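# Secondary and tertiary structure notes
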Amino acid sequence: MAAVAELLRSHMPADQSDWLDLAQTLGQGKLRERAARMDEENRFPFENYDDLRQSGLLGLTVPKEYGGGGVDSVTYVGVLTEISQGCASTGLTFNMHCAIIDFLSQIASPNQKKKYFHEVVDEGAVLASITSEPASSFRDVFRVKTQIVQDDDGYRLNGTKAWCSLSTAARYYFTWSRLKNSETLADGLLNVMVPSDRPGIEIMDDWNTLGMRATASNSIKFDNVRLEQDEVIGEPGVILTKDLSFWSLGYTAVYVGIAEAAYAYCLEHARTQLGYFEEDSAQATRIHRQIGELSITIESARRATQTLVLLRSSLSKTDLTYMLNQAKYLATEAAYDIAQKGLRMMGGTGISRELPMQQYLRDAIPGLVMPPANDRIIETVGKLALGLSGKTLEFR
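Throughout this description, residue numbers start from 1 for each chain and increase along the sequence as written. In view of the model being predicted, local features appear only for residues whose pLDDT reaches at least 70, and side-chain atom pairs are presented and counted only at 80 or more, with totals across whole chains, interfaces and linings using the full set of residues. To get the side-chain values, take all heavy atoms of the structure and skip hydrogens and water.

Summary of the burial criterion: residues with accessible area below 20% of their type's maximum are buried, those above 50% are exposed, and those between are partly exposed, where the area comes from a 1.4 Å probe applied to protein chains only. Here a helix means four or more residues in a row that DSSP labels H or I, a strand means two or more in a row labelled E, and each is numbered from the N terminus. Every second residue of strand β1 (residues 127–130) is oriented toward a common face, with Leu127 and Ser129 on one face and Ala128 and Ile130 on the other, all of them buried. Where β1 lies against strand β5 (residues 172–179), four bridges are found, and the strand directions are parallel. Bridge pairing links Leu127 to Tyr172 in β5. Here, any two strands with at least 2 DSSP bridges between them count as paired.

Dropping the structure here:
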């Protein structure tokens, strides 16, 4: 009945478990203490990122040869669940930052890795993933409309991106756009690192949501933004040939973290309530059943996450897609189910903003529709179970 992080601890390299201890201390301490305030103020948790920066966690996934932690997937997921238990918005945005580090590791040139990884490790730079667009959805076929055109020895970027987490905190925006006149994304999807202070960038103050309120996921407009050749990351279309599973792996960890936090609070509440009733009373039996249901729900999410993490590197592409989708579905549904049932257990006090259950529920809801959305996941898993072709994301 151990939490995910502790289930994974025994599988971590001996020199990496200290990262988990550090994340637990931060998650259960400062991050948890600030979570409600960041949510209420609807702003980015700069204070939390100062702590991540000072602790060295911003460089957690940077390869060791560039001065980073160089941790594997096992340690990363354990750390991310602990951060997310304390503050889900910090966990979600931290995953975006680390996903870009993973992409750079796969497609950036040696000089680009040296530059960006140095800034992360030594200067505490934060990286943002800016890929979604307001008129497209990963639920269906994603159409890239943001356009980039050649301009002498560089490029000009035009378009609007949506749900841009870390919009107000990042030093660089990793984004993709379509080269003008390209026939397909395979020869026209270009990845660039845009300095956030570059002229022509407008951050729109339009992030005011039910949950994940502290992610600063505002829309960003790029108006003829100049880019240099050395800010292009990889060849056109190359990102589509690489392993993009880091995103979904991280989403799973974030929402398992929310589920763990909500479940722990339910246990605390139940133990308090049981003190008022006889052991075999109807009231006590009802509480036992409620906790039993929640325990089964979270255990399914824990085991799916654990299995995914331990097998990820050895799975075929099809099996990885199958397990990624299952784990993300079980994690997000567990977070939502435990939080909403926990709120009912608590009765009227559950909706109080002075208590965390209502925030756990609100932060869990976005996970149901974050790509891959859970209804898309069900279709994909069903296709794969039938031996058919199934894709998590499709681009056009």
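On we go from here.
Take the packing of aromatic side chains next. For Phe, Tyr and Trp, where Trp contributes only its six-membered ring, two rings pair if their centres lie within 6.5 Å, and the inter-plane angle classes them as stacked under 30 degrees, edge-to-face over 60, or tilted in between. This structure, assessed with the given rule, holds ten aromatic pairs. In this structure an aromatic cluster arises from ring pairing among Phe103, Phe174, Trp176 and Trp247.

One can find Pro366 in the loop between α11 (357–364) and α12 (374–385). Remark: the alpha-carbon pair of Pro366 and Leu210, spanning 156 residues in sequence, is separated by 8.4 Å. The contact criterion used throughout is that any non-hydrogen atoms of two residues lie within 4.5 Å. For Pro366, the contacting residues outside a window of four places in its chain are Gly211, Met212 and Tyr255.

The subject of this paragraph is the side chain of Glu231. Following the sequence through the fold, Glu231 ends up in the loop between β8 (218–228) and β9 (232–233). Side-chain polar atoms of Glu231 contact the backbone nitrogen of Glu228, separated by 2.9 Å. Ignoring sequence-local partners within four residues, the contact set of Glu231 consists of Gln112, Tyr116, Asn191, Val192, Met193, Pro195, Arg198 and Arg226. Polar contacts, as used here, are pairs of N or O atoms within 3.5 Å; protein pairs need one atom able to donate a hydrogen and one able to accept it. Residues neighboring in sequence count only if both atoms are side-chain atoms.

The next point concerns the packing of helix α5 (residues 88–107) against helix α6 (residues 110–123). α6 packs onto α5 with a crossing angle of 155 degrees between their chain directions and a minimal axis gap of 10 Å. Our classification of the angle between α5 and α6 gives roughly antiparallel. Handedness of the α5/α6 crossing: left-handed. Contacts between α5 and α6 involve His97, Ile101, Leu104 and Ser105 on the former and, on the latter, Lys113, Tyr116, Phe117 and Val120. Angles here are taken between N-to-C directions and fall from 0 to 180 degrees, while the axes themselves are lines fitted to C-alpha atoms, restricted in helices to the stretch in contact. Working rule for angles: under 35 degrees goes down as roughly parallel, over 145 as roughly antiparallel, 65 to 115 as roughly perpendicular, anything else as oblique. Crossing handedness is read from the near helix: turned anticlockwise from the far helix by less than a right angle, it gives a left-handed crossing, and turned clockwise, a right-handed one.

Shape descriptors only; they carry no functional weight alone.
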